[in-house]
Amino acid sequence: MRISLQKCSKTACSVLSKRPILSPKKPKSEGEATSFIDYRRVRCQAGNGGNGMVSFFRGYRKPFGGPDGGDGGHGGHVVFRASRSSKDLSTVHSIVRAQNGEFGRSKSCHGKSADHKEVEVPLGTVFKADGNTIFELNNENDMFIAARGGVGGRGNQFYVSNEVRKPFKAEYGGEGEELIYDVEMRVMATAGLVGFPNAGKSSLLRAISRAKPKVASYPFTTLHPHIGVVFYEDFEQIAVADIPGLIEDSHLNKGLGISFLKHIERCESLWYVLDYSTGSLTDQYKMLRVELEGYQKGLGDRASTIVINKIDLSGKSPEEEAHHLSSLFPNLPVFPVSAQQRIGLEPLLEHLREQYDK
Ligand SMILES: Nc1nc2c(ncn2[C@@H]2O[C@H](COP(=O)(O)OP(=O)(O)OP(=O)(O)O)[C@@H](O)[C@H]2O)c(=O)[nH]1
Ligand SMILES: [Mg+2]
């Protein structure tokens, strides 16, 4: 920074000097927060091995010393390590490169081997190539060598033998592997919020976690999934995912398309967030299930919970409503809540904990 200031023209410097050193703090944006990334296609390029050297020792009164070409260093591997502190794949770049090994040099100097490139990923990360699962990282500090670095080439010192005293031969370093993987998170959240646009999914996530997805009174406010973490008193943390709104024929690529439906697959259980103020609740539930089944058979059978939002508009207390609403969905846990007014959230959070403990 200092160098660029010295080099800049007089006028530019005078402009820079007039500006305050620290720009005033702006209020934080309420817009789309950085979205959660649970899938990446990654090209892993391991480092090449360094070449070996052809060299002969030349010293004082020793003009024809023996061969002293050093070996090249090994190229670095690309390694993925599972870590609890990593929550999504946003820190994984689409191209991951490891360094090359250094070349061997004269005077028997071997090249330095490159450090391995280590990338942290969350637990439950799956590596796929051509649709086949290659590896899964399920435990803390498990590692997967995604691409192996090339071996360093041998210098001419290595080839000295009784027959060949002056070998003019050294090896090139091996090439590092270059492989492409589809990296996915197997489980992204304990519960995924599924519902039509404007049902109040983002409001619910805001109410139960510290996540701040955008809330607005128009449909398709949420364009990417967001993850909120619910904190419990015993320091347990449980992830809940806010998924963009589904519409009729979402599974046929209508609305926001099917790309985000794959996020629903990665939720252990589904919370159907139904809007109390619009239409029949049972119809809403049936339509959502049809969409999920249309996308993938069996998805609708995943552990389900009915969350009836905007109960504050009913005029009755949630306890009064609970009995009637439960009869609409026999065999399913039903929770009448108001995300906006923060009514009925405690039983819902207890239910989340039970689901997680199971
Ligand atoms: N009265 C009332 N309004 C609510 C409640 N929860 C959400 N809303 C309102 O419903 C509207 C939609 O809320 P969002 O949380 O953005 O809905 P969403 O399901 O995330 O919508 P999309 O992101 O478009 O799918 C907003 O105007 C909220 O203020 C509630 O419990 N009671
Ligand atoms: Mg939303």
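Each value, and the rule that gives it
- Residues numbered from 1 in each chain as written.
- Chains lettered and ligands numbered in written order.
- Predicted model: local features only at pLDDT ≥ 70, side-chain atom pairs only at ≥ 80, totals over all residues.
- Heavy atoms only, no water.
- UniProt positions renumbered as here; feature names shortened; annotations may be inferred.
- Helix = DSSP H or I, 4+ residues; strand = E, 2+ residues; numbered from the N terminus.
- Buried < 20%, exposed > 50% of the residue type's maximum accessible area, 1.4 Å probe, protein only.
- Contact = heavy atoms within 4.5 Å.
- Areas by Shrake-Rupley, 256 points an atom, 1.4 Å probe, with all protein chains shown as cover.
- Near = heavy atom within 4 Å.
- Polar contact = N/O pair within 3.5 Å; in protein donor to acceptor, adjacent residues only side chain to side chain.
- Donors = N, O, S within 2.8 Å, 3.2 Å for Na, K, Ca; no water.
- Salt bridge = Lys/Arg side-chain N within 4 Å of Asp/Glu carboxyl O.
- Phe/Tyr/Trp six-rings, centres within 6.5 Å; stacked < 30°, edge-to-face > 60°.
- Lys NZ or Arg CZ within 6 Å of the ring centre and 35° of its normal.
- Pairing = 2+ DSSP bridges.
- Axes fitted to C-alpha atoms, helices over the stretch in contact; angles between N-to-C directions.

- For the chain, an unreviewed UniProt entry supplies the name Mitochondrial ribosome-associated GTPase 2 and the organism Caenorhabditis elegans.
- Of the comments in the UniProt record for the chain, the one headed Sequence similarities (unreviewed entry) reads "Belongs to the TRAFAC class OBG-HflX-like GTPase superfamily. OBG GTPase family."

## Focus on the overall build of the chain
Next, step 1: A count of helical and extended segments in the chain gives 7 helices and 14 strands.
Next, step 2: Burial statistics for the chain: of 358 residues in total, 42% are counted as buried.
Next, step 3: In the chain, of all internal contacts separated by at least 6 residues, the share reaching a separation of at least 24 is 72%.
Next, step 4: Taken as a whole, the chain presents about 20,600 Å² of accessible surface, with 52% of it coming from carbon and sulfur.

## A word on the site of ligand 1
Next, step 1: Looking at ligand 1, there are 23 residues lining it, with Lys-201, Ser-202, Ser-203, Phe-220 and Thr-222 nearest.
Next, step 2: In the environment of ligand 1, an oxygen atom lies 3.3 Å from a nitrogen or oxygen atom belonging to the backbone of Ala-216.
Next, step 3: At 3.2 Å, a side-chain N or O of Lys-310 approaches an oxygen atom of ligand 1.
Next, step 4: For ligand 1, whose free accessible area comes to 660 Å², the fraction covered by protein is 91%.

## Points about the coordination of the magnesium ion (ligand 2)
Next, step 1: Protein ligation of the magnesium ion (ligand 2) involves Ser-202 (OG) and Thr-222 (OG1), the donor distances falling in the range 2.0 Å. Taken together, the residues Ser-202 in helix H3 (residues 201–208) and Thr-222 in the loop between H3 and strand S10 (226–231) connect sequence positions 20 residues apart. Per residue, the accessibility class of Ser-202 equals that of Thr-222, and both read buried.

## Description of the environment of Lys-254
Next, step 1: With respect to the element layout, Lys-254 can be found in the loop between strand S11 (237–242) and helix H4 (261–265).
Next, step 2: Its relative accessible area of 44% is what places Lys-254 among the partly exposed residues.
Next, step 3: Ignoring anything within four residues of it in the chain, the contact list for Lys-254 reads Ile-247, Glu-248 and Asp-249.

## Regarding the pattern of salt bridges
Next, step 1: Going through the model one piece at a time under the given rule, you end up with 15 salt bridges.
Next, step 2: Between Glu-184 and Arg-266 there is a salt bridge, with the nearest N and O atoms lying 3.7 Å from each other. One end of the pair, Glu-184, is in strand S8 (residues 178–185); the other, Arg-266, is in the loop between H4 and strand S12 (267–275), and 82 residues separate them in sequence.
Next, step 3: Since its relative accessible area comes to 7%, Arg-266 is described here as buried.
Next, step 4: Between Arg-289 and Asp-301 there is a salt bridge, with its nearest N and O atoms 2.9 Å apart. You can see Arg-289 sitting in helix H5 (residues 281–295) and its partner Asp-301 sitting in the loop between H5 and strand S13 (304–309), a full 12 residues away along the chain.
Next, step 5: Connected via shared salt-bridge partners are Asp-38, Lys-128, Glu-184 and Arg-266.

## With respect to the packing of aromatic side chains
Next, step 1: Counted under the stated rule, the structure contains 9 aromatic pairs.
Next, step 2: Look at Phe-135 and Phe-144: their rings are 4.9 Å apart centre to centre, the planes differ by 10°, and that puts the pair in the stacked class.
Next, step 3: Since its relative accessible area comes to 34%, Phe-135 is described here as partly exposed.
Next, step 4: Judged by centre distance (4.9 Å) and plane angle (80°), the rings of Tyr-272 and Tyr-285 are edge-to-face. Residue Tyr-272 is located in strand S12, and its partner Tyr-285 is located in helix H5; the two are separated by 13 residues in the primary sequence.
Next, step 5: Three or more aromatic residues joined by ring pairs form one cluster here, namely Phe-80, Phe-127, Phe-135, Phe-144 and Tyr-181.
Next, step 6: We note Arg-154 situated over the ring of Phe-158; from NZ or CZ to the ring centre the distance is 4.3 Å.
Next, step 7: The aromatic ring of Tyr-232 is capped on one face by Arg-353, whose charged end is 5.3 Å from the ring centroid.

## Some words on the sheet that holds strand S2 (residues 78–82)
Next, step 1: In space, the 3 strands of this open sheet follow the order S4-S2-S7, with mixed pairing throughout. Whereas interior strands pair on both sides, the edge strands pair on one side only; in this sheet they are strand S4 (117–121) and strand S7 (143–147). Across the sheet, the mean angle from the axis of one strand to that of its neighbour is 25°, orientation sign disregarded.
Next, step 2: With 4 bridges connecting them, S2 and S7 associate as antiparallel partners. Residue Val-79 lies in a different strand from S7, and its bridge partner there is Ile-145.

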